[in-house]
Amino acid sequence: MQKQIKSALISVFYKDNLENIVKALGQQGVTIYSTGGTQKFIEDLGVKCVAVEDLTAYPSILGGRVKTLHPKVFGGILARRENPQDLEQLAQYEIPEIDLVIVDLYPFEETVKSTTEEQAIIEKIDIGGVSLIRAAGKNYKDVVIVASKDQYGSLEQVLVDGKGATTLEQRRFFAAKAFEVCAHYDVAIASWWMRNEEVKDYFQLSVPQGQVCRYGENPHQKGVFYGNLTEMFDKLHGKELSYNNLVDVDAAVQLIAEFSETTFAVIKHTNVCGIASRATLSEAWEAALAGDKESAFGGVLACNKVVDAATAQSINEIFFEILIAPGFEPAALEILQAKKNRILLLQKQPLKSPSMFKNVLNGVLVQDNDEGSFKEWNDTGAQPATAAQRADLEFANIVCKHLKSNAIALVKDRQLVGKGCGQTSRIDALRHAIEKAKQFNFSLEGAAMASDAFFPFDDCVRIAHAEGINAVIQPGGSIRDADSINFAKENGMVMIVTGMRHFRH
Ligand SMILES: NC(=O)c1ncn([C@@H]2O[C@H](COP(=O)(O)O)[C@@H](O)[C@H]2O)c1NC=O
């Protein structure tokens, strides 16, 4: 049903972008009611406006905590226009109908980001604005609610197209958006109150839409990304990131954040297939690629140093989807931007989320991020690790943590030379890792092996030893730990037990 807007209440925190709407309402003869700062803004535009104080016959009190909270305001918003009793009461108490409500709430989220001062934050919990939104949204059959400056464009369109009249469908659309705004606002407030609680009573997360993906994991699945990519990255080149790109970029930035030495990594389907630390970035790249040249095709690349021209030249020769780096030298950028089908991301900040979650069954599982790489460093083998072995073992252990379970990583001179992941048995993961190393002509003589979880039997250590691997790192915890440890002792192998498992399902 079409409804003509004859009256409006405007109370907004940010006044920008409101000019056209106010002027259009003024031209259409709409009676505008408004609060302090907004009233001044409207009058400065040369448009007539009634102060809410004049409507309520009450001043704004308690430093603005109570301005619009009054039956003369809420009655006019909530009255059902087809209900004779409601209309009688409006007449009895001299309450004018309000057909349009425009609100832009106090910026609670921005305030939390800019200060830790509790009182300043609490003052930015909007009360009147949220009440206006809820009231107008509830009475959407008669009232238009515009609950955020993000919707000014839509309102302007409606005012122009409908000459100030709205359809029921349009009012329903604005109401739905309005309740989304309120819900998001309340989640932000509740999250702030609960910021120090370890376990909350509700799983609450409200993240604005970032982009609708072309599709989900596969073309027949829909996909949407909620989040703010521009906060983390500057996209210097290439098309929009796909659903799978986003998943891989997440895996890549988590992995690369673990390394402080100059390191390059290649990620495929969230698993690292090549990674190396070297004195220079181009050496790190060459070594990472050499780890598995075949898998690197179409991969996601990540490094922790500014990309120089020499490295760019070398990377340019292979087909890759995405390159993530903390910076690009201008000459490197020129080289890499020459080809169209690739994405270049400049990472501006690290990932900050302290926890992770996924939907399972009819709920959500939440856990801490897997921080750290070992609890203890227990030398349980034939002898302690040398400095070089220690470096490789630590490297292998971190890599293993970023592989899907069951995972085995084989490392030599801080270069991944073989990996097995996502296997249903640990021994299969090892077999696969060895096969990969052989495929690319790596000798495993003197290599280090990491396992994401304990060895249930001594079979893996035996196989590793037979290949020349002489240092092992694993969490321990099997009832048969002694079998693997004794084998290492008897065969001159280093065996580190960390006490920290790194399953990744
Ligand atoms: N207390 C109230 O009755 C009340 N009514 C509206 N507001 C808010 O006051 C702001 C606008 O204030 P002003 O027009 O004075 O600049 C808006 O963000 C609006 O959401 C209120 N403030 C907070 O709760």
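Residues numbered from 1 in each chain as written. Predicted model: local features only at pLDDT ≥ 70, side-chain atom pairs only at ≥ 80, totals over all residues.

## As for the site of the ligand
Turning to step 1, where the next piece is worked out: In the neighbourhood of the ligand, 21 residues make up the surrounding shell, with Gly36, Gly37, Thr38, Gly128 and Gly129 lying closest.
Turning to step 2, where the next piece is worked out: Those elements giving two or more residues to the shell around the ligand turn out to be strand 2 (7-12), helix 2 (36-44), strand 5 (100-104) and helix 8 (128-138).
Turning to step 3, where the next piece is worked out: Top contributing element to the shell around the ligand by residue count: helix 2, with 3 residues.
Turning to step 4, where the next piece is worked out: Partitioned by chemical class, the residues of the shell around the ligand number 8 nonpolar, 9 polar and 4 charged. (Near = placed C-beta within 6 Å. Helix = DSSP H or I, 4+ residues; strand = E, 2+ residues; numbered from the N terminus. Nonpolar A, V, L, I, M, F, W, Y, C, P; charged D, E, K, R; others polar.)

## Describing the UniProt feature "domain: MGS-like" (unreviewed entry) in the chain
Turning to step 1, where the next piece is worked out: UniProt records the feature "domain: MGS-like" (unreviewed entry) at residues 1-147, using the numbering of this structure.
Turning to step 2, where the next piece is worked out: End C-alpha atoms of residues 1-147 are separated by 21 Å, and the span's content is 44% helix alongside 15% strand. (UniProt positions renumbered as here; feature names shortened; annotations may be inferred.)

## Some details on helix 16 (residues 387-401)
Owing to its 3.6 residues per turn, the α-helix aligns residues three or four sequence positions apart on the same side.
Turning to step 1, where the next piece is worked out: Given a rise of 1.5 Å per residue, 15 residues ought to cover 21 Å, and the 21 Å separating the end C-alpha atoms of helix 16 matches this to within 8%.
Turning to step 2, where the next piece is worked out: Every buried residue of helix 16 is listed here: Asp392, Leu393, Glu394, Phe395, Ala396, Asn397, Ile398, Val399, Cys400 and Lys401.
Turning to step 3, where the next piece is worked out: Tucked inside the fold, the buried residues of helix 16 contact strand 12 (271-277), strand 19 (408-411), strand 20 (416-420), strand 21 (448-451), strand 22 (471-474) and strand 23 (494-497). (Expected span 1.5 Å × (residues − 1). Buried ≥ 20, exposed ≤ 12 C-beta atoms within 10 Å, placed from the backbone. Contact = placed C-beta atoms within 7 Å.)

## Details of the sheet that holds strand 21
Turning to step 1, where the next piece is worked out: With mixed pairing, 6 strands are arranged side by side in an open sheet as 18-23-22-21-19-20. The outermost strands of the open sheet, each flanked by one partner alone, are strand 18 (378-379) and strand 20.
Turning to step 2, where the next piece is worked out: With 4 bridges joining them, strand 19 and strand 20 adopt antiparallel strand pairing. By the bridge assignment, Leu410 is partnered in strand 20 with Gly418. (Pairing = 2+ DSSP bridges.)

## Things to note about the sheet that holds strand 12
Turning to step 1, where the next piece is worked out: Overall, mixed pairing links the 6 strands, which are arranged 10-15-14-13-11-12 in an open sheet. Edge positions in the sheet fall to strand 10 (233-237) and strand 12, since each has one partner strand and no second. Adjacent strand axes in the sheet meet at a mean angle of 20°, parallel and antiparallel pairs treated alike.
Turning to step 2, where the next piece is worked out: With 4 bridges joining them, strand 10 and strand 15 (residues 343-347) adopt antiparallel strand pairing. Within strand 15, the position partnered with Asp234 by the bridge is Leu346.
Turning to step 3, where the next piece is worked out: Each of strand 11 (263-268), strand 12 and strand 13 (299-303) is contacted by helix 13 (residues 281-291), which is oriented at about 140° to strand 12, the strand it contacts most. (Axes fitted to C-alpha atoms, helices over the stretch in contact; angles between N-to-C directions.)

## Quick notes on the packing of helix 4 (residues 71-78) against helix 8
Turning to step 1, where the next piece is worked out: Here helix 4 crosses helix 8 at 30°, and the two axes come no closer than 8 Å. By the angle class used here, helix 4 and helix 8 are roughly parallel. Of helix 8, the residues touching helix 4 (which contributes Phe74, Ile77 and Leu78) are Leu132, Ala135, Ala136 and Lys138.
Turning to step 2, where the next piece is worked out: The class makeup of the residues in the contact of helix 4 with helix 8 is 6 nonpolar, no polar and 1 charged. (Parallel < 35°, antiparallel > 145°, perpendicular 65-115°, else oblique.)

## Details of unusual backbone geometry
Negative phi values dominate among residues other than glycine, just as trans dominates among peptide bonds.
Turning to step 1, where the next piece is worked out: Following Ser405, the chain continues into Asn406 via a peptide bond in cis, with omega recorded as -10°.
Turning to step 2, where the next piece is worked out: If you trace the backbone, Asn406 turns up in the loop between helix 16 and strand 19.
Turning to step 3, where the next piece is worked out: In this structure, Asn17 takes a positive phi of about 70° despite not being glycine.
Turning to step 4, where the next piece is worked out: Its location among the elements puts Asn17 in the loop between strand 2 and helix 1 (19-27).
Turning to step 5, where the next piece is worked out: Notably, Leu62 is not glycine yet its phi reads approximately 55°, a positive angle.
Turning to step 6, where the next piece is worked out: Here Leu62 is to be found in the loop between helix 3 (52-56) and helix 4.

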